Amino acid sequence: MTEDLDLDQVLRHLAESARTLVDARFAALGVVDEEGALEQFIHVGMSPELVERIGAPPRGLGVLGAVLTGSESIRIGNLSEDPRSVGPPLAHPEMQAFLGVPIMIRGGTYGALYLTNPTEKAFTANDEALVQALAATAATAINNARLYERSRRAQELSAALGDVAARLLNAEGDEVFGVLAESVVSLTGAQLVSVVVSEAVGQALYVDTARGARAARLEGASVPWMNCVLSRAMNGEPGITPLEADEPVPFAEDIPSASMIAVPLVVAGDRVAALCATRSATEPRFSTDDLELLTEFATQAGLAVALAWARVDREHLEMVEERSRIARDLHDNVIQRLFGAGMGLQALASAHPQQAARLEPHVAQIDAAIADIRTAIFALQTQAPQMNVRHQLLEVVSELSPTLSTVPRLTFTGPVDLILEGSLADDAVAVLRESLCNVARHAHAETVWVEVNATETDIMITIDDDGVGISPNAVLNSGTKNLRARAHAHGGDFQLSPRSSGGTRSRWHAPVNSPRLT
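Residues numbered from 1 in each chain as written. Predicted model: local features only at pLDDT ≥ 70, side-chain atom pairs only at ≥ 80, totals over all residues. Heavy atoms only, no water.

Participant: Even after reading the chapter, I still don't get the overall build of the chain, so can you show me in this structure?
Facilitator: Scanning the chain for helices and strands turns up 13 helices and 16 strands. Here the chain holds 518 residues, and the buried ones make up 42% of them. (Helix = DSSP H or I, 4+ residues; strand = E, 2+ residues; numbered from the N terminus. Buried < 20%, exposed > 50% of the residue type's maximum accessible area, 1.4 Å probe, protein only.)

Participant: Before we go on, may I ask you to explain the pattern of salt bridges in this structure?
Facilitator: Charged atoms that come close allow side chains of opposite charge to pair. With the rule as written, the count across this model stands at 10 salt bridges. Arg 486 serves as the salt-bridge partner of Glu 434, at 3.5 Å between the closest nitrogen and oxygen. Placement of Glu 434 in helix α12 (residues 422-443) and of Arg 486 in helix α13 (residues 478-489) is noted, with a sequence separation of 52 residues between them. Note on accessibility: Glu 434 and Arg 486 belong to one class, buried. The residue Arg 505 makes a salt bridge to Asp 464 at a minimum N-O spacing of 2.7 Å. Of this pair, Arg 505 sits in strand β16 (residues 504-511) while Asp 464 sits in strand β14 (residues 458-465); the two residues are 41 residues apart in sequence, bridging distant segments of the chain. (Salt bridge = Lys/Arg side-chain N within 4 Å of Asp/Glu carboxyl O.)

Participant: Can you walk me through the packing of aromatic side chains in this structure?
Facilitator: Between two aromatic rings, the relevant description is the distance of the centres plus the angle of the planes. A complete count under the given rule lists 2 aromatic pairs for this structure. Directly above the aromatic system of Phe 412 lies the positively charged group of Arg 390, at a separation of 4.7 Å from the ring centroid. (Phe/Tyr/Trp six-rings, centres within 6.5 Å; stacked < 30°, edge-to-face > 60°. Lys NZ or Arg CZ within 6 Å of the ring centre and 35° of its normal.)

Participant: Honestly, the confidence of the model for the chain in this entry has me stumped. Any pointers?
Facilitator: Close inspection of predicted coordinates is inappropriate in any region flagged by low pLDDT. On average, residues of the chain carry a pLDDT of 80, and 87% of them reach 70 or more. No element of the chain has a lower mean pLDDT than helix α9 (residues 356-381), which averages 75, and none a higher one than β14, which averages 94. Every residue in residues 514-518 is under pLDDT 50, and counting partners more than four places away or in other chains gives 10 contacts. (pLDDT = per-residue confidence, 0-100. Contact = heavy atoms within 4.5 Å.)

Participant: I would appreciate a short explanation of the sheet that holds strand β3 (residues 74-76) in the present structure.
Facilitator: The strands that make up a sheet are held in pairs by hydrogen bonds between backbone atoms, and each pair lies either parallel or antiparallel. Pairing in this open sheet of 5 strands is antiparallel, and the strands run β2-β1-β5-β4-β3 from one edge to the other. Each edge of the open sheet is held by one strand with a lone partner, namely β2 (38-44) and β3. Each strand of the sheet is rotated relative to its neighbour by a mean of 15°, with strand direction disregarded. One ladder, built from 7 bridges, connects strand β1 (residues 24-32) with strand β5 (residues 108-118); its direction is antiparallel. (Pairing = 2+ DSSP bridges. Axes fitted to C-alpha atoms, helices over the stretch in contact; angles between N-to-C directions.)

Participant: Mind showing me how you'd approach the sheet that holds strand β15 (residues 493-498) here?
Facilitator: Strand order in the open sheet formed by 5 strands is β12-β13-β14-β16-β15, with mixed pairing between adjacent strands. Looking along the sheet, the strands with just one partner apiece sit at the ends: β12 (409-413) and β15. On average, adjacent strands in this sheet sit at an angle of 10° to one another, irrespective of strand direction. In this sheet, β14 lies alongside strand β13 (residues 448-454) in antiparallel orientation, the contact comprising 7 bridges. By the bridge assignment for β14, Asn 453 is matched with Met 460. Against the sheet, helix α10 (residues 389-400) engages β12 and β13, with an angle of about 165° to β12. Sitting on the sheet, α12 is in contact with β13, β14 and β16, with an inclination near 10° to β14.

Participant: Could you clarify how one ought to interpret the pairing of β15 in this entry?
Facilitator: Side-chain direction in a regular strand flips from residue to residue, so the side chains alternate between the two faces of the sheet. Here β15 runs beside β16; their pairing, made up of 6 bridges, is antiparallel. Residue Ser 497 lies in a different strand from β16, and its bridge partner there is Arg 505.

Participant: What am I meant to see in the pairing of β13 here?
Facilitator: Of the two faces of β13, only the one carrying Val 448, Val 450, Val 452 and Ala 454 is buried; Trp 449, Glu 451 and Asn 453 on the other face are not. Inspection of the sheet shows β12 paired to β13 by 5 bridges, in the parallel sense. Looking at the pairing, Arg 409 lines up with Trp 449 of β13. Here β13 folds back onto β14, and the loop between the two strands holds 3 residues.

Participant: Looking at this structure, how should I read the state of the cysteines?
Facilitator: Working definition of a disulfide: a covalent bond connecting the sulfur atoms of two cysteines. Scanning the entire structure with this criterion turns up 0 disulfides. There is no disulfide at Cys 228, and the cysteine sulfur nearest it, in Cys 276, is 8.5 Å away. Overall, Cys 228 belongs to the buried group, its relative accessible area being 0%. (Disulfide = S-S within 2.5 Å.)

Participant: Hey, could you run me through unusual backbone geometry in this one?
Facilitator: The phi angle of most residues is negative, glycine excepted, and most peptide bonds adopt the trans form. With a phi close to 55°, Asn 117 is a non-glycine residue in the positive phi region. Position of Asn 117 among the secondary structure elements: in strand β5. Positioned with a positive phi, His 444 is a non-glycine residue whose angle comes to about 55°. Checked against the element boundaries, His 444 lands in the loop between α12 and β13.

Participant: Just to check I follow, could you spell out the packing of α10 against α12 for this structure?
Facilitator: To characterise two packed helices, one gives the angle between the axes of the helices and the distance between these axes. Packing of α10 against α12 brings their axes to within 10 Å, and their N-to-C directions diverge by 20°. When the axes of α10 and α12 are compared, the pair comes out roughly parallel. Judged by the twist between their axes, the crossing of α10 over α12 is right-handed. Residue-level contacts link Val 389, Gln 392, Leu 393, Val 396, Val 397, Glu 399 and Leu 400 of α10 to Ala 425, Ala 428, Val 429, Leu 432, Arg 433, Leu 436 and Cys 437 of α12. Across the contact of α10 with α12, the residue classes break down as 11 nonpolar, 1 polar and 2 charged. (Parallel < 35°, antiparallel > 145°, perpendicular 65-115°, else oblique. Left-handed = near helix turned anticlockwise from the far one by under 90°. Nonpolar A, V, L, I, M, F, W, Y, C, P; charged D, E, K, R; others polar.)

Participant: Please explain the side chain of Thr 188 as it appears in this structure.
Facilitator: Locating Thr 188 in the fold gives a position in helix α5 (residues 176-188). You can call Thr 188 buried: its relative accessible area is 6%. Polar side-chain contacts of Thr 188 include one of 3.4 Å to the backbone nitrogen of Ala 190. In this structure Thr 188 touches Ala 277, Arg 279 and Phe 286, once residues within four positions along its chain are discounted. (Polar contact = N/O pair within 3.5 Å; in protein donor to acceptor, adjacent residues only side chain to side chain.)

Participant: In this structure, what is going on with the environment of Arg 217? I would like to understand it.
Facilitator: With respect to the helices and strands, the residue Arg 217 is situated in helix α6 (residues 215-218). Arg 217 gets classed as partly exposed once you look at its relative accessible area, which sits at 38%. As a C-alpha pair, Arg 217 and His 442 span 225 residues in sequence and 9.4 Å in three-dimensional space.

Participant: Could you clarify how one ought to interpret the side chain of Ser 506 in this entry?
Facilitator: Secondary-structure assignment places Ser 506 in strand β16. Once you skip the residues sitting within four places of it in the chain, Ser 506 turns out to touch Ser 435, Ile 461, Thr 462, Ile 463, Phe 494, Gln 495 and Leu 496.

Encoded structure:
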């Protein structure tokens with residue numbers, strides 16, 4: 001045991017050594033968290049298939065809990081006859097003789113060794129003394145392994161932060177969260193890492209970025225605000241899902257019985273998101289050490305994100321300045337030269353009236369070119385303080401086009417910018433994003449058509465694709481439910497139907513009552 005510095009290996013070696021030492025059929029080692037509850041349970045002597053059939057690990061009740069809460073060993077001739085026994089799980093082999101020995105480190109209980117069914121009828125006092133000596137020796141090995149684990153994690157954290165900083169220096173503004181999520185996957189060993197945002201406390205939680213298992217399905221989805229570890233992180237409180245969760249667990253449909261840690265991501269003093277790491281039930285639960293590691297990562301990564309966003313802002317400022325310079329050059333040089341050329345042609349036409357008809361189209365083309373350049377100058381110099389809805393919808397299409405086979409064909413009909421405002425505008429942008437995400441995940445389409453139709457009374461967003469269509473056995477996913485919920489919130493509706501020529505049509509409709517039209 002003392003030769004290995006890997007904590008998991010030390011614990012497994014300890015359980016195996018104890019089993020061999022007293023010739024027991026089954027052995028287990030339980031590790032407790034800071035609150036005294038079992039957070040890790042290692043089986044020895046059982047096949048992986050049997051462990052899987054047994055199901056969830058014990059919660060530290062009955063005799064197991066008595067060993068953890070006391071400082072003395074417990075030796076029982078027949079476990080079923082002890083009044084503290086709560087009975088084994090249904091699939092667990094029968095247990096009779098029992099020996100439990102606590103593992104003490106620096107005056108506190110680290111865990112306990114549990115042994116059952118020795119070759120002899122019962123465990124002896126000599127067996128108990130041997131396991132107690134083993135537990136005392138193991139305490140030193142466990143403590144050394146924990147110190148080594150902390151040192152290794154500190155090195156991993158330093159390396160991860162260095163990698164994040166280097167990658168963020170070259171990342172675009174919309175790639176920042178993706179870089180963070182990928183680093184957290186490798187740092188924590190999580191099956192899923194997501195970056196979750198919310199417009200305000202109490203409003204829906206939106207998965208901005210996800211990496212790992214089911215990431216493509218979850219990215220872009222939203223879940224209602226609920227009292228859970230994720231919403232508490234959005235409020236600035238890091239945490240782990242409780243062992244006995246009486247609270248809802250986000251993403252439980254995708255990763256059942258999951259262990260989750262979530263911490264706030266603070267950038268330049270503002271909480272902008274929550275970093276959430278999730279492990280499936282087949283993996284060890286997250287520990288307080290994992291939470292501390294992710295908290296430290298998020299704190300340091302927030303500084304790197306602030307620098308990355310500052311770099312993007314600086315590049316935008318440089319682009320604006322460059323646009324202003326180009327606009328000045330176009331106005332002061334190009335337009336004046338074209339204007340001079342046009343004046344020269346008009347003078348030539350006056351001097352040679354017989355050529356006037358042939359010269360007139362060229363003069364008109366020069367005037368049109370001047371008008372086009374002036375329009376371009378206006379576009380270069382004009383920076384709207386906030387994008388209107390039309391531009392936001394175009395941004396969504398541009399953002400999601402790389403996930404589709406071709407760029408969607410987007411058309412606007414009616415006074416879209418006048419109709420869409422406030423919460424209806426926000427929902428329209430979210431509807432287009434979720435709809436295109438659904439097409440990218442499920443449709444396998446070659447072509448996508450998007451039409452945004454606005455009238456004085458309603459708004460209609462229609463997305464057609466030529467993909468595989470709707471499966472008869474399809475179950476509505478969270479994204480589709482969100483689309484319907486957003487429509488119902490405005491008194492509208494959402495329909496998902498097959499197209500006669502193949503593929504799928506989604507139609508989102510909501511009535512409007514815009515005072516700007518009256």
